[in-house]
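Commentary on secondary and tertiary structure
Here is what each chain is made of, one letter per residue.
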Amino acid sequence: MKIYSASEKSYLYVAFIIMLAAISRLGVIFFSQAEAGDTATYIKFAENIIRGCGLSHSDPSSNECILTSGGYFPGYPAFIAFFWIIFGKSVYVVLIAQLVCYLLALMWLLIAIFRLTNSNKVMCAAGIMLALSPLQLGWFRFILTEPLAIATATWFLAELIISVSNKKLRVYHLALALSASVYVRPDSIFMILGPCVVVFYIYDFKKSIQQISLFIILTTIPVSAWLVRNYTIGHAPLSMTSSAAPIAPGYFLWLDTWVVNEYERSDANFPVWRREYSKIKIHGSSYITLDEIENAKVLIGALSRIDGQEFPENIDKKFNKLALEKIQNRSKFRPIQIYFERVFWLLLNPFSSWGMPLEMNFVDKSAVSKAIKQLDIGELNQQLNDYKAVIFSKIASFFYRVMVCVLFIYCLVTVVCNSVLNNLNRYLFKIDILMLSTGLVMITRIGFFVFIGCLESRYLASIVPWVECCLLIYLMVKLPIKVKDF
């Protein structure tokens, strides 16, 4: 019988976890592959890159080439184009390439965890949680930025953990990982806050400022290249508004006065982007009066007769008037109430699948919500009778999210309270610093998306590896769990 050394065992455990992550994700790729709302846009971008046009909304089969910028960076379309040029145009080529990138990042993260904790037990526990996480798995079946964003976020986290473990900020590695992540998803820039916490733990104040400045400069150089490109084509260097976005500021202002979850937003928002106004659906909401709904229905009725056309300015002005009157007459605390409710739904929406193939497309979510509020079991059973297996999976996923959120908040509050009551650097340990870094990035990210009204769960996908990994390490290192290492 062969006896393995500690280091050999670690590599065997890493190989097992990588295999587990690969098998679980291959399952959703081959059995549940699906398109999402932005899939067609990224495919169009990639096709235009391949034909030499660049990032453009133009029809790839035409001779037109009108460059675009807005909220899009070229990383993900270029990624798709690169693998299509090498292996041929196939959805599965992109999905497998995304998976390989993630597996490499996960392997590096596992090595980083072992360096930090010197424990196979902790590394395996965190690795298995990441490999099978229902908050990560589902995204890998889509051609969307989320799988690659999760991969780059995992890579960045690994570099941050190694920095904490070695008590030396890996400035160049972190800058490279962050730049790559920003080119995939611009909102990844919030990860810059993680090293800002870590650096003050590692160095004195003067050295910390030097290291952070170097990190920001190194990240800015590649990111600025794209901003310069935008300027040279006559666009704003940095903008959140796509050239393909509908011009309807009044309508979107009105949505902002009542939308609190992803389903309300998607049913009222996406049909306008697709100019399919007849498909607009306004959900019942405690933030809309009956008179307001009737006025909105009249305007939407007028819109439904002009599907395929630009949003009319006269109708948009009426929505703007509706929104301004509402804003003037509502309580000053109403926006705060809406923001807090958005936070709840963003994190804990029981209907959300987090990318998993648990769709309930023909369920009237408003009727289900009403039945739950009224404890009408008969109506609830009638609405959900055909989806019992899906519901069970959604419930399991929901309780997993609740558990992760509650435990993470508890641990984060514990770290913050202890750091306030005790001298910050004298008390805090390496895992405490990682918890603070993750907490700051997570809270900032949630706050940003709640404020701008982007309420789909996919906007939190890239912070999930941070939360799950740091929570597991904290629980196993800080709590008195006496299990012999293996």
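Residues numbered from 1 in each chain as written. Predicted model: local features only at pLDDT ≥ 70, side-chain atom pairs only at ≥ 80, totals over all residues. Heavy atoms only, no water.

Next up on the list: the nonpolar core. Counting residues in each nonpolar core, the largest one holds 112 residues, and the members touching the most others are Tyr-102, Ile-113, Ile-161 and Trp-466. What Ile-161 contacts, discounting residues up to four positions off in sequence, is Leu-109, Ala-112, Ile-113, Leu-116, Leu-434 and Cys-469. In terms of nonpolar packing, the next biggest core, distinct from the first, is built from 27 residues, Val-260, Ala-268, Ile-315 and Leu-322 among them. (Core = buried A, V, L, I, M, F, W, Y, C linked by side-chain atoms within 4.5 Å. Buried < 20%, exposed > 50% of the residue type's maximum accessible area, 1.4 Å probe, protein only. Contact = heavy atoms within 4.5 Å.)

All right, on to the state of the cysteines then. All told, the structure shown has 1 disulfide when counted by the stated rule. Sulfur-sulfur distance for the disulfide between Cys-53 and Cys-65 comes to 1.9 Å. The chirality of the disulfide connecting Cys-53 with Cys-65 is right-handed, given an S-S dihedral of about 100°. With Cys-53 in the loop between helix H2 (39-50) and helix H3 (75-87) and Cys-65 in the loop between H2 and H3, the pair connects residues that are 12 residues apart, well separated along the chain. Just so you know, Cys-196 is unpaired, no disulfide at all, and the nearest cysteine sulfur is the one on Cys-470, 16 Å from it. Take Cys-196: its relative accessible area is 24%, and that puts it in the partly exposed class. Its sulfur unpaired, Cys-405 is 12 Å from the next cysteine sulfur, which belongs to Cys-411. (Disulfide = S-S within 2.5 Å. Helix = DSSP H or I, 4+ residues; strand = E, 2+ residues; numbered from the N terminus.)

Another point: unusual backbone geometry. Note: most residues except glycine have negative phi, and most peptide bonds are trans. A positive phi angle, close to 60°, is found at Arg-275, a residue other than glycine. One non-glycine residue, Trp-354, lies in the positive phi region at around 50°. Positionally, Trp-354 belongs in the loop between helix H14 (334-348) and helix H15 (365-373). For Trp-354, a relative accessible area of 3% gives the class buried.

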